[in-house]
Each structure stands twice: as C-alpha cells, then as structure tokens.
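# Topology and contacts: notes
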Amino acid sequence: MKIYLNYFIPFILLLIIEVLIERFATGFIRFTIGDYLAVMLVYTLIKSILRISIEKAILITFIIAFSIEFLQLSDLQSNFPAAYSKTLKIILGTSFSFGDLVAYSLGIISIILVEKYLKKLKIAF
C-alpha cells in the first residue's frame, strides 16, 4: 500500500486539530467546526491511501458522513457492550442533527473548491 503524502500530511494536521477540538473546545467550535473538519479528515484519509478520482473520494466521504449521521437516528449504541460506548459515541456521535448535515455539506463544498483551486494552480495532488 502506498501513502500519498500530499493528502496524508493534511490528514495528520486535521487529525491533530480534531483531537484538540474534542479535548478542549465546547459549543459551536466542537459541534459545528468539528463536523465541518471531520469530512475533510475522512476525505484526506481516503485520498492518502487510495488512488481514486476526486469525485469518487468526495462521494465516498459524503456517503460515510451522512450514513453516520442517519445511524444516530437508531439506537445502535445500546446494542454494543458498555466498554465500547465511549468509542462509539466519538465515532457515531450521540444524536441526529440537521445542523451536522449542513456542516458536512459545507465541508464537502470546501473540499470541492480547494481541489478546483489547486487544479487551477496546476498543483497536482
């Protein structure tokens, strides 16, 4: 497996930011900016390990983000042992929010804009 550093480095930076947000931030920054950056985190992870088109990576990211949010409508977390509860809450969240879908959508739009801008500058990723 090959790691594509031009996406892996932003992935690591976003991961650090997300961990800092999870540990130290509250309110809007944690719940909205965190979700906004989460789709970018997923996207950069996908692009750092898979050699696929930007469009496919965006579609996969969109499906993952929205699927996780809609899974929050179920009571999935209660079907797992309590030992996994904290991890599941971090991955799945705790409750469905239309605002999260908006944050994910804005994150995906930002990804599209950044990729188009970099393509225009002829910076190949």
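Preceding block: the structure.
Residues numbered from 1 in each chain as written. Predicted model: local features only at pLDDT ≥ 70, side-chain atom pairs only at ≥ 80, totals over all residues. Heavy atoms only, no water.

## A few points about the layout of surface pockets
By volume, the largest pocket amounts to about 1000 Å³. Along the walls of the largest pocket sit 30 residues, with Asp-35, Lys-89, Ile-90, Ile-91 and Gly-93 positioned nearest its centre. Mapped by element, the contributors of at least two residues to the lining of the largest pocket are helix H1 (5-24), helix H2 (27-49), helix H3 (54-71), helix H4 (85-92) and helix H5 (98-120). With nine residues, the top contributor of residues to the lining of the largest pocket is H2. Taken together, the residues that form the lining of the largest pocket break down as 17 nonpolar, five polar and eight charged. (1 Å grid on protein atoms, 1.4 Å probe; cavity = no way out; pocket = protein on both sides within 12 Å on 5 of 7 lines; lining within 4 Å. Points joined across faces, edges and corners; volume = space filled by probe spheres on them. Helix = DSSP H or I, 4+ residues; strand = E, 2+ residues; numbered from the N terminus. Nonpolar A, V, L, I, M, F, W, Y, C, P; charged D, E, K, R; others polar.)

## A closer look at the pattern of salt bridges
This structure, assessed with the given rule, holds one salt bridge. Residue Glu-22 is joined to Arg-30 by a salt bridge in which the shortest nitrogen-to-oxygen separation is 3.6 Å. (Salt bridge = Lys/Arg side-chain N within 4 Å of Asp/Glu carboxyl O.)

## A closer look at the environment of Leu-73
With respect to the helices and strands, the residue Leu-73 is situated in the loop between H3 and H4. In this structure the C-alpha to C-alpha distance between Leu-73 and Ser-95, which are 22 residues apart in sequence, comes to 6.9 Å.

## Observations regarding the nonpolar core
By size, the foremost hydrophobic cluster in this structure holds 19 residues, and its most contacted members are Tyr-43 and Tyr-104. Sorting the residues of this core by element identifies H1, H2, H3 and H5 as the ones contributing at least two each. Ranked by the residues each element gives to this core, the list is headed by H2, at six residues. In this structure Tyr-43 touches Tyr-7, Ile-54, Ala-57, Ile-58, Thr-61, Ile-111 and Glu-115, once residues within four positions along its chain are discounted. (Core = buried A, V, L, I, M, F, W, Y, C linked by side-chain atoms within 4.5 Å. Buried < 20%, exposed > 50% of the residue type's maximum accessible area, 1.4 Å probe, protein only. Contact = heavy atoms within 4.5 Å.)

Spatial relationships are all this shows, so hold off on functional conclusions.
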